Amino acid sequence: AAKPNATDMTAVTDCLQLVGMGRDPVVRASMVALDDMIMNWEKPEFENPVYQWHFITQAKFHQGGQTWNTWNKSFNPTLIKNQVVEIEEGKKDCGYWISPGRNEKYGKVYSTAFCTLMLENYYAWRPLRSVNLNDSEEKKQESVSITVDH
C-alpha cells in the first residue's frame with residue numbers, strides 16, 4: 001500500500017473531524033505531525049501550498065486550543081501581508097493572492113478562493129474541538145505512527 005502524502009493526510013484529517021471522528025488515531029497522529037507546521041510564504045513546503053494550507057487551517061481550527069492559536073498567529077498575518085491589492089483611481093480596490101507554489105497551475109482566482117476560505121474560518125465554521133492533544137496522559141495511552149512523504 002502507498003504511504004499517504006501530506007495533502008492526503010490533511011484532507012483526510014479535516015474530513016474525519018467533520019464527520020465526528022476527531023478522536024480517531026489517524027486524526028491524532030496527523031495533528032501531532034502538523035504540530036510544528038508554519039505557513040512560510042517565501043519557502044513553502046508544498047508544491048501546491050494554498051490547497052495544503054487550507055486543509056491545515058481547517059484541521060487546526062477544528063482542533064482548537066494551542067494548536068489553533070499557534071497556527072492562527074502564523075497564517076493570518078502571512079495571508080494579509082501577501083495579498084496583492086490594486087488600487088486604481090475612481091475604482092474599487094481589488095485584492096487577490098498569487099500562490100507561491102511551484103506547481104500551482106490554476107491561477108489567482110483559485111489561490112484567492114483558498115486564501116479567502118482560510119480567513120473565513122472564524123465566520124463560516126463552528127469549531128469542532130475534537131480532542132486536546134496537549135493532554136500528556138492521552139498521548140501516552142496510544143502510540144500511532146504516520147509517515148508523510150515530501
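Trainee: Sorry if this is basic, but what is going on with a nonpolar patch on the surface here?
Mentor: Judged by side-chain polarity, Leu-18, Val-19 and Met-21 come together as a nonpolar surface patch covering roughly 260 Å² of accessible area. Mapped onto the fold, Met-21 is located in the loop between α1 (6-18) and α2 (25-33). A relative accessible area of 36% means that Met-21 is categorised as partly exposed.

Trainee: I would appreciate a short explanation of α2 in the present structure.
Mentor: Think of an α-helix as turning once every 3.6 residues; residues three or four places apart then point the same way. Turning to α2, its buried residues number three or more, namely Val-27, Arg-28, Ala-29, Ser-30 and Met-31. Measuring from the backbone nitrogen of Val-26 back to the side-chain oxygen at the start of α2 gives 2.8 Å, which picks out Asp-24 as the cap.

Trainee: Where do I start with the pattern of salt bridges in this structure?
Mentor: Two side chains that carry opposite charge are able to pair once their charged atoms sit near each other. Taken as a whole, this structure holds 1 salt bridge when the rule is applied. Across the pair Glu-42 and Lys-81 runs a salt bridge whose closest N-O atoms are separated by 4.0 Å. Residue Glu-42 is located in the loop between α2 and α3 (49-63), and its partner Lys-81 is located in helix α4 (residues 65-81); the two are separated by 39 residues in the primary sequence. Lys-81 sits in the exposed class, given a relative accessible area of 62%.

Trainee: Can you help me understand the side chain of Thr-10 in this one?
Mentor: As for its position among the elements, Thr-10 is in helix α1. Here Thr-10 falls in the buried class, since its relative accessible area comes to 1%. At 2.7 Å, the side chain of Thr-10 and the side chain of Gln-52 are in polar contact. In this structure, Thr-10 is in contact with Leu-34, Gln-52, Phe-55 and Ile-56, ignoring residues within four places of it in sequence.

Cut-offs used in this document
Residues numbered from 1 in each chain as written. Predicted model: local features only at pLDDT ≥ 70, side-chain atom pairs only at ≥ 80, totals over all residues. Heavy atoms only, no water. Patch = residues over 30% accessible without salt bridge, like charges linked within 9 Å, V, L, I, M, F, W, Y side chains within 5 Å. Areas by Shrake-Rupley, 256 points an atom, 1.4 Å probe, with all protein chains shown as cover. Salt bridge = Lys/Arg side-chain N within 4 Å of Asp/Glu carboxyl O. Helix = DSSP H or I, 4+ residues; strand = E, 2+ residues; numbered from the N terminus. Buried < 20%, exposed > 50% of the residue type's maximum accessible area, 1.4 Å probe, protein only. Polar contact = N/O pair within 3.5 Å; in protein donor to acceptor, adjacent residues only side chain to side chain. Contact = heavy atoms within 4.5 Å.

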